[in-house]
Amino acid sequence: MRSTLWSLVALVAFALPAGAQDVVRVGDAEIRFGGRLHIQYEQGSSLDAEPGRVFARRARLKAEVRWGDAFEARLQPDFAGGEPELEDAWVALRPWPALRVSMGQFNRTLEVFELASSNDLPIIERDARVGGGPSCAGIDGVCSLSNLLGELDFVGRDQGLRVEWDLGDGLVVSSTLTNGPGANRADENRAKSLSVRTEFSPRDGLAVGVFYGLHDYLVDAESTDPDTRYAEAIGVDVVAGAWRDGPRFQGGFAWGDNWRAGEDARFRGVHLLGSWYLPLRGEGVFAALEPLLRLGWADGEVGAEGPGRGFVVTPGVAAYVQGRNRVALNLDVVDPTVGAVRWSLKLQSYAVF
């Protein structure tokens, strides 16, 4: 796999300067290259060993290939961790324009907050990550809805089959049937995980989604005969407004099984994100400002006593240079049921090409 990823890097390096164009034609294929580089500085109340750090949050190259209107593919590695690792790797067939069937590695089709690209989201970290130890039942990290869905493997990348069907009149149904363990990991059993999402857009700038996830997991995974069980997640979300065009609101609510906290444990949570894209006049460096506020609450073990709940508040602002290229500042503040309030200040630059 590593040689394949480095081959993609070489192809980008040689093809782009040669043509200085967005699309490269190789035989019957049209190849479009792109990428992103997100550099983050983080300073937090719990970073005692690291009083401040700068690191590459994302460093991705992307190649999208099309053969006419019916066949396409995407390959996207990430180099942020030092070693290349696959993010997206899929091939898709369109039997007719309203239906697309994909095989490979991609995001599980569930909650809209997780499906949105990090290039578009005004928030720096979906899960409001703050150091200092676990604060939510069963999982490692902040008790936020996004973190719960991710740690419980209901969202994120996985390998399998994806079907997207545009039924017309603003109604789209999408579903994924995947291995379950997540990106770049082999299947652990013969069971599969299912995600189904139905989204209705009655008009431009408004979308309402309903989703259901069924995740397979192993009990006593170290034993010679581990048992396979299933956990469920159900939720709704809504989006009003467009990217980089005035006010925008995004909210979601979900509940389900917290299988990492115990067989009978349940979770629930909500997150709300509002932002306002404000174009700037004049000939300055920045084209627009976008203030934002995220409010979140989650309970990792409904009905149980102890450190199972937490609130998240994130004020922030982004300054846009051009398009999606920007610099953003967020302050994630986490208030768990048990323990002290923790915070993390994050500054991130977004280079999108």
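In this text the structure is predicted, and so the values were computed from the model without any measurement.

## Quick notes on the overall build of the protein
Part 1 of the reasoning: A tally of regular secondary structure across the protein gives three helices and 17 strands.
Part 2 of the reasoning: Computed over C-alpha atoms, the radius of gyration of the protein comes to 21 Å, within 12% of the 20 Å expected from 2.2 N^0.38 for 353 residues, which places it in the range of a compact globule.
Part 3 of the reasoning: Based on the C-alpha atoms only, the size of the protein along its principal axes is roughly 60 × 55 × 45 Å.
Part 4 of the reasoning: Counting all 353 residues of the protein, 43% fall into the buried class.
Part 5 of the reasoning: A fraction of 52% describes how many contacts in the protein between residues 6 or more apart in sequence connect residues 24 or more apart.
Part 6 of the reasoning: Taken as a whole, the protein presents about 17200 Å² of accessible surface, with 58% of it coming from carbon and sulfur.
Part 7 of the reasoning: In the protein, which carries 36 positive and 48 negative side-chain charges, the distance between the mean positions of the two groups comes to 5 Å.

## Brief notes about the pairing of strand E1 (residues 23-26)
Part 1 of the reasoning: Bridge count between E1 and strand E2 (residues 29-44): four bridges; the pairing is antiparallel. Paired with Val24 across the two strands is Ile31, which belongs to E2.
Part 2 of the reasoning: Following E1, the chain reverses through two residues before pairing antiparallel with E2; Gly27 in that reversal takes a positive phi of roughly 65°.

## Focus on the packing of aromatic side chains
Part 1 of the reasoning: Tallied over the full model, the rule gives five aromatic pairs.
Part 2 of the reasoning: Ring geometry for Tyr217 versus Trp259: centroids 4.6 Å apart, planes at 20°, classification stacked. Placement of the pair is Tyr217 in strand E10 (residues 206-219) and Trp259 in the loop between strand E12 (245-257) and strand E13 (266-279), with a sequence separation of 42 residues. One exposure class covers both Tyr217 and Trp259, and it is buried.
Part 3 of the reasoning: On the numbers, 5.3 Å between centres and 35° between planes, the contact of Phe253 with Trp255 is tilted.
Part 4 of the reasoning: Relative accessible area serves as the criterion here: at 35%, Phe253 is assigned to the partly exposed category.
Part 5 of the reasoning: Note that Arg248 overlies the ring of Trp243, its terminal NZ or CZ placed 3.5 Å from the centroid.
Part 6 of the reasoning: The residue whose ring lies beneath Arg326 is Tyr350, and the NZ or CZ to ring-centre distance is 3.8 Å.

## Overview of the confidence of the model for the protein
Part 1 of the reasoning: On average, the protein scores 91 in pLDDT, and the residues at 70 or more come to 91%.
Part 2 of the reasoning: The model gives residues 13-20 a pLDDT under 50, and that stretch makes five contacts with residues more than four places away or in other chains.

## Overview of the nonpolar core
Here is a general trend for soluble globular proteins: nonpolar side chains tend to be buried in one another's company.
Part 1 of the reasoning: Ranked by internal contacts, the top residues of the largest apolar core, which has 18 residues, are Leu148, Leu149, Leu152, Phe154 and Phe267.
Part 2 of the reasoning: Broken down by secondary-structure element, the contributors of at least two residues to this core are helix H3 (145-151), E10 and strand E11 (227-242).
Part 3 of the reasoning: Looking at which element gives the most residues to this core, the answer is H3, with three residues.
Part 4 of the reasoning: If near-sequence neighbours (up to four positions away) are discounted, Leu152 is found in contact with Ile139, His215, Asp257, Asn258, Trp259, Arg260 and Phe267.
Part 5 of the reasoning: Counting residues in each nonpolar core, the second largest holds seven residues, with Ala288, Ala318, Tyr320 and Tyr350 among its members.

## Concerning the state of the cysteines
Part 1 of the reasoning: The full count for this structure, using the stated rule, is one disulfide.
Part 2 of the reasoning: Two residues share a disulfide in this structure: Cys136 and Cys143, whose sulfurs sit 2.2 Å from each other.

## Digging into the side chain of Thr178
Part 1 of the reasoning: In this structure, Thr178 sits in strand E8 (residues 171-178).
Part 2 of the reasoning: With sequence-adjacent residues up to four places away left out, Thr178 is seen in contact with Phe106, Arg108, Asp158, Gln159, Gly160, Lys192 and Ser193.

## Let's talk about the side chain of Asn119
Part 1 of the reasoning: Within the secondary structure, Asn119 sits in the loop between helix H2 (112-115) and H3.
Part 2 of the reasoning: A polar contact of 2.9 Å, which involves the side chain of Asn119, links it to the side chain of His38.
Part 3 of the reasoning: Contacts of Asn119, omitting those with residues within four sequence positions, involve Arg36, His38, Arg324, Arg326 and Val352.

Analysis parameters
Residues numbered from 1 in each chain as written. Predicted model: local features only at pLDDT ≥ 70, side-chain atom pairs only at ≥ 80, totals over all residues. Heavy atoms only, no water. Helix = DSSP H or I, 4+ residues; strand = E, 2+ residues; numbered from the N terminus. Rg over C-alpha atoms; globule rule 2.2 N^0.38 Å. Buried < 20%, exposed > 50% of the residue type's maximum accessible area, 1.4 Å probe, protein only. Contact = heavy atoms within 4.5 Å. Areas by Shrake-Rupley, 256 points an atom, 1.4 Å probe, with all protein chains shown as cover. Lys, Arg positive; Asp, Glu negative; His and termini not counted. Charge placed at Lys NZ, Arg CZ, Asp CG, Glu CD. Pairing = 2+ DSSP bridges. Phe/Tyr/Trp six-rings, centres within 6.5 Å; stacked < 30°, edge-to-face > 60°. Lys NZ or Arg CZ within 6 Å of the ring centre and 35° of its normal. pLDDT = per-residue confidence, 0-100. Core = buried A, V, L, I, M, F, W, Y, C linked by side-chain atoms within 4.5 Å. Disulfide = S-S within 2.5 Å. Polar contact = N/O pair within 3.5 Å; in protein donor to acceptor, adjacent residues only side chain to side chain.

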